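Listed here are the chains, written in short residue letters.
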Amino acid sequence: MNIMTALKEEFTNTAPTERSPYECGSCEMRFELQRHVCPQCGSYSIERTEWPCLPER
Ligand SMILES: [Zn+2]
């Protein structure tokens with residue numbers, strides 16, 4: 001048993017696009033990091049989407 005295997009499975013099972021907090025308002029492409037310009041369509045309307053489990057304060 002090693003922890004690297006478990007971590008690898010975790011990453012494999014979760015598609016990175018599903019948890020990416022930023023989304024292009026034009027082509028709906030998602031990013032894990034905020035970008036000023038969408039590399040897919042060149043749009044500037046990158047918006048942050050809702051975090052899945054962020055409690056409001
Ligand atoms: Zn785009």
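Residues numbered from 1 in each chain as written. Predicted model: local features only at pLDDT ≥ 70, side-chain atom pairs only at ≥ 80, totals over all residues. Heavy atoms only, no water.

A. Examining the overall build of the protein chain more closely. Tallying secondary structure elements over the protein chain gives one helix and three strands in all. For the protein chain, buried positions account for 16% of its 57 residues. Sequence-distant contacts in the protein chain: of pairs separated by 6 or more residues, those separated by 24 or more amount to 20%. In the form shown here, the protein chain has an accessible surface area of approximately 5,300 Å², with 51% of it arising from carbon and sulfur atoms. (Helix = DSSP H or I, 4+ residues; strand = E, 2+ residues; numbered from the N terminus. Buried < 20%, exposed > 50% of the residue type's maximum accessible area, 1.4 Å probe, protein only. Contact = heavy atoms within 4.5 Å. Areas by Shrake-Rupley, 256 points an atom, 1.4 Å probe, with all protein chains shown as cover.)

B. A look at the coordination of the zinc ion. At the metal site, the zinc ion is ligated by Cys24 (SG), Cys27 (SG), Cys38 (SG) and Cys41 (SG), and these contacts range over 2.2 to 2.3 Å. What the four donor atoms of the zinc ion show is an angle range of 107 to 114° at the metal, which sorts the shape as tetrahedral. Ordering the donors of the zinc ion by residue number gives the pattern C-x2-C-x10-C-x2-C. Accessibility expressed as a relative area gives 30% for cysteine 27, which makes it partly exposed. (Donors = N, O, S within 2.8 Å, 3.2 Å for Na, K, Ca; no water. Tetrahedral: all angles 85-135°; square planar, octahedral: opposite > 155°, others 65-115°.)

C. Just the sheet that holds strand 3 (residues 46-48), in detail. The three strands are arranged 2-1-3 in an open sheet whose pairing can be described as antiparallel. Looking at the sheet topology across the chains shown, the edges are occupied by strand 2 (30-31) and strand 3. (Pairing = 2+ DSSP bridges.)

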